Amino acid sequence: MFTGLTPELCAHAWELVTPAIERAAATGTIRGAVGDLVVMDPARPGAILWTGSIGDTEAKTYGYAVAKAKVAERTGLDTSRVRMDQPHLYTTGDIVYPGGVVRHGMVVAFSGVEGEADEMIAEWFIAAVRGIARLAFVSDQGPDATGTRYLGE
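Conventions we followed
- Starting from 1, residues in each chain are numbered consecutively following that chain's sequence as written.
- Residue-level local features of this predicted model are given only where pLDDT is at least 70; pairs of side-chain atoms are given and counted only at 80 or more, and the full residue set underlies all totals for whole chains, interfaces and linings.
- Each side-chain value is derived from all of the structure's non-hydrogen atoms; neither hydrogens nor water enter the calculation.
- Here a strand is any run of E in DSSP of at least two residues, a helix any run of H or I of at least four, and the numbering for each starts at the N terminus.
- Only protein chains enter the accessibility calculation, which uses a 1.4 Å probe. A residue is then buried if its area is under 20% of the maximum for its type, exposed if over 50%, and partly exposed in between.
- Any two residues having at least one pair of non-hydrogen atoms within 4.5 Å are treated as being in contact.
- Accessible areas in this description were obtained via Shrake-Rupley with a 1.4 Å probe; residue shielding takes into account the shown protein chains only.
- Throughout, the protein atoms alone are placed on a 1 Å grid, and a set of points is a cavity if a 1.4 Å probe fits but cannot get out or a pocket if it is open with protein on both sides within 12 Å along at least five of seven lines; lining residues have an atom within 4 Å of a point.
- Grid points are joined across faces, edges and corners, and a volume is the space filled by probe spheres set on the points.
- Within this scheme, the nonpolar core is defined by two criteria: the residues are buried Ala, Val, Leu, Ile, Met, Phe, Trp, Tyr or Cys, and they are joined through side-chain atoms within 4.5 Å.
- Planes of paired rings set the category: under 30 degrees apart is stacked, over 60 is edge-to-face and the rest tilted, where pairs are Phe, Tyr or Trp rings (Trp by its six-membered ring) whose centres lie within 6.5 Å.
- Exposure above 30% relative accessible area and the lack of any salt bridge qualify a residue for a patch; like charges then connect within 9 Å, and the nonpolar side chains Val, Leu, Ile, Met, Phe, Trp and Tyr within 5 Å.
- Whenever Lys or Arg places a side-chain nitrogen within 4 Å of a carboxyl oxygen from Asp or Glu, that contact is recorded as a salt bridge.

> Got a sec to walk through the overall build of the protein chain? Specific residues and values, please.
Along the protein chain, the regular secondary structure elements total four helices and four strands. Along the protein chain, from the amino end to the carboxyl end, the secondary structure elements read α-β-β-α-α-β-β-α. Principal-axis analysis of the C-alpha atoms gives the protein chain an extent of 55 × 35 × 25 Å. A buried classification covers 41% of the 153 residues belonging to the protein chain. Considering only contacts in the protein chain between residues 6 or more positions apart, those separated by 24 or more positions represent 54%. When the accessible surface of the protein chain is split by element, carbon and sulfur atoms take 54% of a total near 8500 Å².

> Tell me about the layout of surface pockets, residues and numbers included.
The rolling of a water-molecule-sized probe over the atoms marks out the regions of remaining empty space. By volume, the largest pocket is sized at about 250 Å³. Lining the largest pocket are 18 residues; nearest its centre among them are Arg-31, Tyr-64, Ser-111, Gly-112 and Val-113. Mapped onto the lining of the largest pocket, the elements with two or more residues apiece are helix H2 (59–75) and helix H4 (115–141). Top element by residues in the lining of the largest pocket is H2. It accounts for four residues.

> I'd like a description of the nonpolar core, backed by residues and values.
Trp-14, Leu-37, Val-39, Trp-50, Val-108 and Phe-125 are the most contacted members of the largest nonpolar core, which totals 27 residues. For this core, the secondary structure elements donating two or more residues are helix H1 (7–26), strand S1 (35–40), strand S2 (48–54), strand S4 (106–111) and H4. Looking at this core element by element, the count peaks at nine residues for H4. Sequence-distant contacts of Leu-37, defined by excluding residues within four places in its chain, comprise Trp-14, Trp-50, Thr-51, Gly-52, Val-108, Ala-109, Phe-110, Ala-122 and Phe-125. Core analysis: the second largest hydrophobic core is formed by eight residues, Val-38, Ala-65, Ala-69 and Ala-109 among them.

> Please provide a residue-by-residue account of the packing of aromatic side chains, values included.
Two numbers describe a pair of aromatic rings. These are the distance of the centres and the angle of the planes. Enumeration according to the criterion identifies five aromatic pairs in this entry. Here Trp-14 and Trp-50 contribute two aromatic rings whose centre-to-centre distance is 6.3 Å and whose plane-to-plane angle is 65 degrees, an arrangement assigned as edge-to-face. In this pair, Trp-14 is assigned in helix H1 and Trp-50 in strand S2, connecting sequence segments 36 residues apart. Here Trp-14 and Trp-50 have matching classes, each one buried. Pairing Tyr-64 with Tyr-97 gives two aromatic rings, centres 6.0 Å apart and planes at 65 degrees, and the pair type is edge-to-face. In this pair, Tyr-64 is assigned in helix H2 and Tyr-97 in the loop between helix H3 (79–85) and strand S3 (100–103), connecting sequence segments 33 residues apart. Using a relative accessible area of 44% as the deciding quantity, one classes Tyr-97 as partly exposed. Among the aromatic residues, those joined into a ring-pair cluster are Trp-14, Trp-50, Phe-110 and Phe-125.

> Mind laying out a nonpolar patch on the surface, listing which residues take part and the relevant values?
A grouping of Tyr-64, Val-96 and Tyr-97 is seen on the molecular surface, where their side chains present a nonpolar patch of about 270 Å² in accessible area. You can see Val-96 is positioned in the loop between H3 and S3.

Spelled out as structure tokens, the structure:
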């Protein structure tokens, strides 16, 4: 039965995203396949639902990912948008690097490469979660789960 966003769904999405990170590093698109990802729990603001790592990370990388996620969650904005458009929303102690993303009720942050690439990886992860969730929902509920019919049926 489909249950929404879970640590298991996050782990599945991460399995799909990590090869893309490795390929981006291998082609020189990003500077390496290393970093930490943090997923905030949409049902419990301020709580981390799941974390993932790739490569030989450092404790500070995880800390940066958490800090990016907290800024994104508090402001409701991608950290790049806070930095460029609304820097007045920063508070003392906030991290100022990009990498935190807010999409479709999810807050995800990645840290380990460089800000813009970190943000790209967070978006890849969100896209994987949404795709897996949609497929699972339709499989569980059927293609007409809402009861809405197309005109003419």
